[in-house]
Amino acid sequence: MTVAKSPKKAPRRAATLVMAVIGASLFLLFLSRDLPGGLGDDWAKQNFGLVIRYVIAMTMGGAFMGFLLAPMFGRSGVGGWVTALVGGLLSTFIAGAFGSFFGLLPDLLSDGWQASDLVSILFGFAVLPLAAAENISSSLIWLVMVIAAHVLSLFERRKNTVYQ
């Protein structure tokens, strides 16, 4: 019996969806801990549109990185687990920067590029990891989500394998 691989090389759907959820949830976690009153703070109430814009932006950043790094998820064996963990770390770090860029995009288009925009985008590398590092439970939730991305991607890879 021979195994023919499907033309779909990477399990993009699972990695994209899970990393999008990670991006949004870690940003909300970071925001809720950053404000004294959490999401019920007066600033968050007054700038609800900005909060929504950045939640969407971090979701897009996570989805984008999940899509790009999907080949790192769903491989079998110990090496596959290590690769998935590295993929989850890379996705989380870089998704924050892309999310910051996507969140700033309306301002960049209306005001033009400013030096402070680069600082905001570079800080995006730290937003999602800082949220996960805040306490052990959020780090464990992140780890469970990366494991879910890996397992779902593994199922997706197996589903796309054709036996002849």
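The structure presented is a predicted model; accordingly, all values stated were derived computationally and were not measured.

## Structural notes on the packing of helix α3 (residues 48-68) against helix α4 (residues 77-111)
Next up, step 1: Running from N to C, α3 and α4 cross one another at 135°; their axes reach a closest spacing of 7 Å. Comparing their axes, α4 and α3 come out oblique. By crossing handedness, the relation of α3 to α4 is classed as right-handed. Between α3, through Arg 53, Tyr 54, Ala 57, Met 58, Met 60, Gly 61, Gly 62, Phe 64, Met 65 and Gly 66, and α4, the contact on the second element is made entirely by Ser 91, Ile 94, Ala 95, Gly 96, Phe 98, Gly 99, Ser 100, Phe 102, Gly 103, Leu 104, Pro 106 and Asp 107.
Next up, step 2: Split into classes, the residues belonging to the contact of α3 with α4 amount to twelve nonpolar, eight polar and two charged.

## Focus on α3
Next up, step 1: Relative to the 30 Å expected for 21 residues at 1.5 Å per residue, α3 spans 30 Å between its end C-alpha atoms, a close match to the ideal helical length.
Next up, step 2: Buried residues of α3: Val 51, Tyr 54, Val 55, Ala 57, Met 58, Gly 61, Gly 62, Ala 63, Met 65 and Gly 66, and no others.

## Observations regarding the environment of Ser 138
Next up, step 1: Position of Ser 138 among the secondary structure elements: in helix α6 (residues 136-159).
Next up, step 2: Residues Ser 138 and Ser 25 lie 113 residues apart in sequence; the distance between their C-alpha atoms is 9.8 Å.

What counts and what doesn't
- Residues numbered from 1 in each chain as written.
- Predicted model: local features only at pLDDT ≥ 70, side-chain atom pairs only at ≥ 80, totals over all residues.
- Heavy atoms only, no water.
- Axes fitted to C-alpha atoms, helices over the stretch in contact; angles between N-to-C directions.
- Helix = DSSP H or I, 4+ residues; strand = E, 2+ residues; numbered from the N terminus.
- Parallel < 35°, antiparallel > 145°, perpendicular 65-115°, else oblique.
- Left-handed = near helix turned anticlockwise from the far one by under 90°.
- Contact = heavy atoms within 4.5 Å.
- Nonpolar A, V, L, I, M, F, W, Y, C, P; charged D, E, K, R; others polar.
- Expected span 1.5 Å × (residues − 1).
- Buried < 20%, exposed > 50% of the residue type's maximum accessible area, 1.4 Å probe, protein only.

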